[in-house]
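Structural description and commentary
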Amino acid sequence: MMKRSLILETGDVFNGTAFGSLNASEGEVVFTTGMTGYQETLSDPSYCGQIVTMTYPLIGNYGINRDDFESIEPAIKGMVVRELANTPSNFRSDATLNDLFVLKNIPGIEGVDTRKLTRIIREFGSVKGYISEAGADIQVDEVVAKLKMMTFPTDQVKQVSTKRPYPSPGRGKRVVLVDFGMKHGILRELNKRNCDVVVVPYNTTAEEIMAIYPDGIMLSNGPGDPKDVPEAIEMLQNLIGKIPIFGICLGHQLFALASGGDTFKLKFGHRGANHPVKDLESGKTEMTSQNHGYAVDPESLKGTRLKVTHTALNDGTVEGLKHLDAAAFTVQYHPEASPGPEDSNHLFDRFIELMNANVKGEKIHA
């Protein structure tokens, strides 16, 4: 087994064993707390440009299968685990995690004290890191200096969004799904409800969307800072109030910006499948799947026509919004789960109800 290191801009060095690609990689080091769902995590486009630390100690124990991918091409820059299972045991398993990382040219490192690494990220926030080339001799001081000079990319959405529109046909409501880094789970939920879906790129204009004659618009999840996607903000400003809208994760943040709100970067983000969220209207609490590094600033919503509908019980951040004058609502978390609990799956039915009411000409609000 070849040795490799994970070096952080803080100067911390974690030595371990290489798996997957033997090449080096650099990116933003984050952690996720899910006990399962590593396949959905590594294929979630929202992790574009990031090195993902799995806090659960044993990863790869049920292998990789053909059904649980959330995108065709993973966009993560690497994975950090405590222990890698090289002999998975599950009837659905088609390959090992190492096999997939070799195939997709993704570097991994195992044998790392992921508890210590997570504590560093919680103290300093998400940090830049470097996974060394397997077996290479490295000069830590030089790597740290390079990391401190490195800037994060601002085109992650462009990297992961579809390059051209494509259909996912159905005989129900026509939904334009704007792909900012869409998880396939969102498309699956719309397909379950027989929606006639047209997936479009992130920079599609309002005029181009309306030319498809949709019954509703779905705003997907995606990576990075929502302020790096001004095209989407302009598009939404020209659509709010004209047609029902449902936004998820990055789509939620973009909707807030388009409505006059603001966003900010969280210290270390929310990533995992066990985040409790309270619905302020029903009083119920749901367990949710989350993956985001930015949040909506609640103070910025004063004077807007947005109302906070959901909050995170861990830190009080905004987890849901609705527009007071338009048929539009958004959530920060992932109601399609993938991976995670399905407590919030009913929100897709709520979106269908909004579209049905709009067709009937009823006065509707989210």
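Our structure's up above, just so we're on the same page.
Residues numbered from 1 in each chain as written. Predicted model: local features only at pLDDT ≥ 70, side-chain atom pairs only at ≥ 80, totals over all residues. Heavy atoms only, no water.

**Remarks on the overall build of the protein**
So the rule is basically this: The secondary structure listing takes helices from DSSP runs of H or I that are at least 4 residues long and strands from runs of E that are at least 2 residues long, numbered from the N terminus. Put simply, the radius of gyration uses C-alpha atoms, and a globule should come to 2.2 Å times the residue count raised to 0.38. When a residue's accessible area, from a 1.4 Å probe over protein chains only, is under 20% of the maximum for its type it is buried; when over 50% it is exposed; and in between it is partly exposed. In this description, contact between two residues means that some pair of their heavy atoms is separated by no more than 4.5 Å. To measure how exposed things are, a 1.4 Å probe is used in the Shrake-Rupley method; for residues, cover is taken only from the protein chains shown. Residues counted as positive are Lys and Arg, residues counted as negative are Asp and Glu, and His and the chain ends are not counted. Each charge is placed at NZ for Lys, CZ for Arg, CG for Asp and CD for Glu.
A tally of regular secondary structure across the protein gives 10 helices and 19 strands. Computed over its C-alpha atoms, the radius of gyration of the protein comes to 21 Å, within 12% of the 21 Å expected for a compact globule of 366 residues. Split into buried and exposed, the 366 residues of the protein put 58% on the buried side. Nonlocal contacts in the protein, meaning residues at least 24 apart in sequence, comprise 74% of its contacts between residues at least 6 apart. Summed over all atoms, the accessible surface of the protein reaches about 15600 Å², with 48% contributed by carbon and sulfur. Once the 38 positive and 46 negative side-chain charges of the protein are each reduced to a mean point, those two points are 2 Å apart.

**Describing the nonpolar core**
For clarity, the cut-off: In plain words, nonpolar cores are sets of buried Ala, Val, Leu, Ile, Met, Phe, Trp, Tyr and Cys residues tied together by side-chain atoms within 4.5 Å.
If you look at the biggest cluster of nonpolar residues, it comprises 32 residues, and the most contacted ones within it are Val178, Phe180, Ile217, Leu219, Met235, Ile245 and Leu254. Elements with a contribution of two residues or more to this core: strand E11 (174–179), strand E12 (196–201), helix H7 (206–210), strand E13 (216–219), helix H8 (230–237), helix H9 (250–258) and strand E18 (318–323). For this core, the element with the highest residue contribution is H9, accounting for six residues. One finds Val175, Cys195, Cys249 and Met355 within the second-largest nonpolar core, a separate group that totals 24 residues.

**A few points about helix H4 (residues 140–149)**
As a reminder, the rule being used: Think of the arc as the fan of directions from the helix axis to the C-beta atoms.
Among the residues making up H4, those that are buried are Val143, Val144 and Leu147. Down the axis of H4, the buried side of the element spans an arc of 100°, and every buried residue falls inside it. Pointing more than 90 degrees away from the buried face of H4 are the exposed residues Asp141, Glu142, Lys146, Lys148 and Met149. Those residues of H4 that are buried lie in contact with strand E1 (3–8) and strand E9 (127–131).

**Digging into the packing of aromatic side chains**
Here is the rule: Within 6.5 Å between ring centres, the rings of Phe, Tyr and Trp (the latter by its six-membered ring) count as paired, and their orientation is classed by plane angle as stacked under 30 degrees, edge-to-face over 60, tilted in between.
The full count for this structure, using the stated rule, is six aromatic pairs. For the ring pair phenylalanine 19 and phenylalanine 101, a centre distance of 5.5 Å and an interplane angle of 20° mean the geometry is stacked. Here the residue phenylalanine 19 occupies a position in strand E2 (residues 13–20), and phenylalanine 101 occupies one in helix H2 (residues 97–103), the gap between them amounting to 82 residues. On the basis of relative accessibility, which here comes to 0%, the residue phenylalanine 101 falls in the buried class. Ring-pair connections join several aromatic residues into one group, and the members of that group are Phe246, Phe329, Phe348 and Phe351.

**So, unusual backbone geometry**
Put simply, serine 338 and proline 339 share a cis peptide bond, and its omega is 0°. As for its placement among the helices and strands, proline 339 is situated in the loop between strand E19 (328–331) and helix H10 (346–359). For asparagine 194, which is not glycine, the phi torsion reads 65° and is therefore positive. Checked against the element boundaries, asparagine 194 lands in the loop between helix H6 (184–192) and E12. A positive phi angle is found at cysteine 249, which is not glycine, with a value near 60°. On the basis of relative accessible area, cysteine 249 is assigned to the buried category, the value being 1%.

**Points about the sheet that holds strand E14 (residues 245–248)**
Note on sheets: strands pair through backbone hydrogen bonds, and any given pair is parallel or antiparallel. Stated formally: The criterion for strand pairing is that DSSP finds at least two bridges linking the strands in question. Simply put, an axis is a line fit to the C-alpha atoms, just over the touching stretch for a helix, and the angle between two N-to-C directions goes from 0 to 180 degrees.
Here we have 10 strands laid out as an open sheet, ordered E10-E12-E11-E13-E14-E19-E18-E17-E15-E16, and mixed in their pairing. A single partner strand is all that each edge strand has here, and the edge strands are strand E10 (166–168) and strand E16 (285–296). Sheet twist, expressed as the mean angle between neighbouring strand axes with direction ignored, is 25°.

**Examining the side chain of threonine 311**
Within the fold, threonine 311 resides in strand E17 (residues 306–312). On the basis of relative accessibility, which here comes to 18%, the residue threonine 311 falls in the buried class. Ignoring sequence-local partners within four residues, the contact set of threonine 311 consists of Pro276, Val277, Lys278, Leu280, Gly316, Thr317 and Glu319.

**Notes on the pairing of E2**
As a general feature of sheets, a regular strand has side chains that alternate between the two faces. With six of eight residues buried, E2 is to be regarded as a mostly interior element. Note that E1 and E2 share five bridges and pair antiparallel. Within the sheet, the bridge partner assigned to lysine 3 lies in E2 and is threonine 17. If you look at the hairpin formed by E1 and E2, you'll find four residues sitting between the two strands, and glycine 11 has a positive phi there, around 95°. Bridge analysis of E2 against strand E8 (residues 107–110) gives four bridges, and the strand direction is antiparallel. Residue pairing for E8: glycine 20 is matched across the bridge by proline 107.

**Section: the sheet that holds E2**
The strand order around the closed barrel formed by seven strands is E1-E2-E8-E6-E4-E3-E9, and the pairing between neighbours is mixed. Here the average twist between neighbouring strands, direction ignored, is 35°. Sheet topology note: the strand E3 (residues 25–32)/E9 ladder contains five bridges and is antiparallel. Within E9, the position partnered with glutamate 26 by the bridge is tyrosine 130. Lying on the sheet, helix H3 (residues 114–124) is in contact with E1, E2, E3, strand E4 (50–54), strand E6 (78–80) and E9; it crosses E3 at an angle near 95°. Where H4 meets the sheet, its contacts fall on E1, E2, E3 and E9, and the angle it forms with E1 comes to roughly 45°.

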